[in-house]
Amino acid sequence: MTTTVRPAPPQEPDLVGAMFASRSVAVHYARGLVGLVLLVAGLGLAHRSPAWLLLVPLTVVLWRGCMSCWTLGLMATRAKSCPLPD
């Protein structure tokens, strides 16, 4: 009797992890905190000079999009750093 071994199906690349995830959860939290500080400072100081609104695009860069994108990246980072057992 011969046994045939089926090859494993090809793994799809993790696009969410590649785009949104950080190296570690601590780095991800730090990016989120700095982004939040820049957002609050930019909007809070906009009455003094509109130049303060330039801090808002920096928030978008740090969050890699909106707050939902940051949260999605947090979940991908946690899944990457703490994989579930089989």
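First, a word on what this report is: a plain description of the structure on this page. These numbers come from a predicted model, not from an experiment.

1. Section: the overall build of the protein
No. 1: Each helix and strand counted, the protein has 4 helices and 0 strands in total.
No. 2: The N-to-C order of helical and strand elements in the protein reads α-α-α-α.
No. 3: When each of the 86 residues of the protein is scored for burial, the buried share is 21%.
No. 4: Accessible area of the protein: about 6800 Å², with a carbon and sulfur share of 70%.

2. Some words on the packing of helix 2 (residues 25-44) against helix 3 (residues 55-63)
No. 1: Running from N to C, helix 2 and helix 3 point in directions that differ by 165°, and their axes come no closer than 8 Å. Regarding the angle of helix 2 to helix 3, the classification is roughly antiparallel. The two elements helix 2 and helix 3 cross, and the hand of that crossing is left-handed. Residues Arg31, Gly32, Val34, Gly35, Leu36, Leu38, Leu39, Ala41, Gly42 and Leu43 of helix 2 touch helix 3, and the partners they reach there are Leu55, Val56, Leu58, Thr59, Leu62 and Trp63.

3. Quick word on the environment of valine 61
No. 1: Relative to the helices and strands, valine 61 is located in helix 3.
No. 2: When its relative accessible area of 61% is taken as the criterion, valine 61 is described as exposed.
No. 3: Along the backbone, valine 61 and arginine 31 are 30 residues apart, and their C-alpha atoms lie at a distance of 9.5 Å.

Definitions and limits used
- Residues numbered from 1 in each chain as written.
- Predicted model: local features only at pLDDT ≥ 70, side-chain atom pairs only at ≥ 80, totals over all residues.
- Heavy atoms only, no water.
- Helix = DSSP H or I, 4+ residues; strand = E, 2+ residues; numbered from the N terminus.
- Buried < 20%, exposed > 50% of the residue type's maximum accessible area, 1.4 Å probe, protein only.
- Areas by Shrake-Rupley, 256 points an atom, 1.4 Å probe, with all protein chains shown as cover.
- Axes fitted to C-alpha atoms, helices over the stretch in contact; angles between N-to-C directions.
- Parallel < 35°, antiparallel > 145°, perpendicular 65-115°, else oblique.
- Left-handed = near helix turned anticlockwise from the far one by under 90°.
- Contact = heavy atoms within 4.5 Å.

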